[in-house]
Amino acid sequence: MRYTDKDYIVIGFDGDRVHITPVIRMNGKSGLKKMLGGINGKKDMEIYHINFADKTCVAAGCVRLPQNIQVDMIIEFKPEEDGGTVTICNTEQVWNYNVKEEEKFLRESPDEKDFSHRDKVPARSYMIEQKGIVEKDKVRKLEQKKRTKTVWPDELAAELMRGIYGQDEAIKKISELISANLRRKQPEVEVIVLFGPTGVGKTEVGKALPKILEKLTGQTYGFHQIALNEFIGEHSVNRFFGSPPSYVGYKDPTVFEPVRSNPYQVYLMDEIEKATDRIYTGLMECFSSGVVHLADNSSDIDLSHVIFIITSNIAVDMKAYDEASAFRKKEICRNTLARACGHPEIAGKITNCLAFRELPADALTDIVSKFVVEELQNYEMELEHMDEELMVQFKEQHSNYGARGVKDAVREAITAATVYDRNIGRYKGRRVTLSGDIENIVIKIVPEEAANGSIGRQIWAENAEQH
């Protein structure tokens, strides 16, 4: 198409056809690129091609502008392509527009400087193609790769075991269940109930899963932790399944609302034995059907990509559990849950039940080491070595609270050793050793020459013990 002195690219904002502005003369005599700066408080920018000689106007498209920021942009016209681009500065947004469309005639003839008759312009306006933010072919390939990527149970188990100790058998089974479901052509809601004493790693499994699954699959998983003992009020069930019309909370979002925007979620529900009957029965119905039917008559929520990790502190007969077959292990756990909740017919709907065992001695040693390393990192220290007698004292703190008691003891002891130290900055970025006892921890910096080699560390450690 050949353009004349009367052909202009014209812009307006938010449907305002009175205050519009010519920005580019399309024959190129005044340049084919225009910089616009300081645009703020506008939602959309409309682009038109106007020919003042023929009295025609064509709507070329609409660009959605970034919100809550001041926008600078570059508008460019390319005659050979009968179109151009709009580049939003300081972002990766580049939009294409096209002016080669059927011309729409004005009923009245606007002057080149007077656009008071813009209300006569046909209202045809459409969102133009956004180009440059993503390449659709690559997006499709990545989506296909996600659908076909296999998560192997040994890989998932290895990741979980990095932070959860002494539960190898249970973690292996959890990994097998999740990996198998991810491979299904039509995945189903995954529900795994974990039994065992407090502080042995049940909750940590749920917390660790989202990041690990994202690492292995590339798919972002949401995470939600729910303490079921907090939902004991009359209307607490509505937070799960919605409120009927005319009830308080009608149309309020439920705990499952995030599944609508991202179907890949991990829900960690602690202490199911403390849930009310209505929540308990409602959850079992969701697990059985794979969807949430809401009382407010809004559309159902599909749970087919959701993983539920449910914990219970109900004691399981571990002697019988250890001697049982894989099938009988499930039955022992289901029977335990049925007795606790009083609904054997509903407990039977849960097929995946596992027991976590008391922490073995070596696992507790690893847990103490983990907590000490993490606590020292808060002060930018790196642990080189901890005295074995001090380790034994920490392990003795687990009592009836499992790893939680140990974690509290570690934090309290290290806090006591550092809180009054006005020269604590000397430890920053240094390797240290811990000795003394739990009531009076001694922190020593490892000399640089000792930290740089195993022989140096050994000599330094021997000298430190002698003194």
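Our subject is the structure that appears above.
Residues numbered from 1 in each chain as written. Predicted model: local features only at pLDDT ≥ 70, side-chain atom pairs only at ≥ 80, totals over all residues. Heavy atoms only, no water.

Re the packing of helix α11 (residues 361-377) against helix α12 (residues 388-395)
Running from amino to carboxyl end, α11 crosses α12 at an angle of 100 degrees, the nearest separation of the two axes being 10 Å. By the angle between their axes, α11 is roughly perpendicular relative to α12. Side by side, α11 and α12 meet where A361, L364, T365, V368, S369 and V372 of the first sit next to M391, F394 and K395 of the second. Grouping the constituent residues of the contact of α11 with α12 by class yields six nonpolar, two polar and one charged. (Axes fitted to C-alpha atoms, helices over the stretch in contact; angles between N-to-C directions. Helix = DSSP H or I, 4+ residues; strand = E, 2+ residues; numbered from the N terminus. Parallel < 35°, antiparallel > 145°, perpendicular 65-115°, else oblique. Contact = heavy atoms within 4.5 Å. Nonpolar A, V, L, I, M, F, W, Y, C, P; charged D, E, K, R; others polar.)

Regarding the sheet that holds strand β17 (residues 353-355)
Here five strands make up an open sheet; going across it, the order is β12-β13-β16-β11-β17 and the pairing parallel. What marks the edges here is a single partner per strand, and that holds for β12 (222-227) and β17. Within this sheet the neighbouring strands show an average axis-to-axis angle of 20 degrees, counted without direction. Relative to strand β13 (residues 265-270), β12 runs parallel, the two sharing six bridges. Each bridged residue has a counterpart across the sheet, and for F223 the counterpart in β13 is V266. (Pairing = 2+ DSSP bridges.)

Brief notes about the packing of aromatic side chains
If you walk through the whole model with that rule in mind, you get nine aromatic pairs. Pairwise contacts between aromatic rings join F240, F241, F256, Y267, F287 and F308 into one cluster. Above the plane of the ring of Y321 lies K329, whose end atom (NZ or CZ) is 5.1 Å from the centre. (Phe/Tyr/Trp six-rings, centres within 6.5 Å; stacked < 30°, edge-to-face > 60°. Lys NZ or Arg CZ within 6 Å of the ring centre and 35° of its normal.)

Side note on the sheet that holds strand β19 (residues 431-437)
Spatially, three strands are ordered β18-β19-β20 in an open sheet, and the strand pairing comes out mixed. Each edge of the sheet is formed by a strand with only one pairing partner; in this case those strands are β18 (382-386) and β20 (440-445). Sheet twist, expressed as the mean angle between neighbouring strand axes with direction ignored, is 35 degrees. In the packing of α11 onto the sheet, contacts are made with β18 and β19, and the angle to β18 comes to roughly 140 degrees. Here α12 sits on the sheet in contact with β18, β19 and β20, set at roughly 70 degrees to β19.

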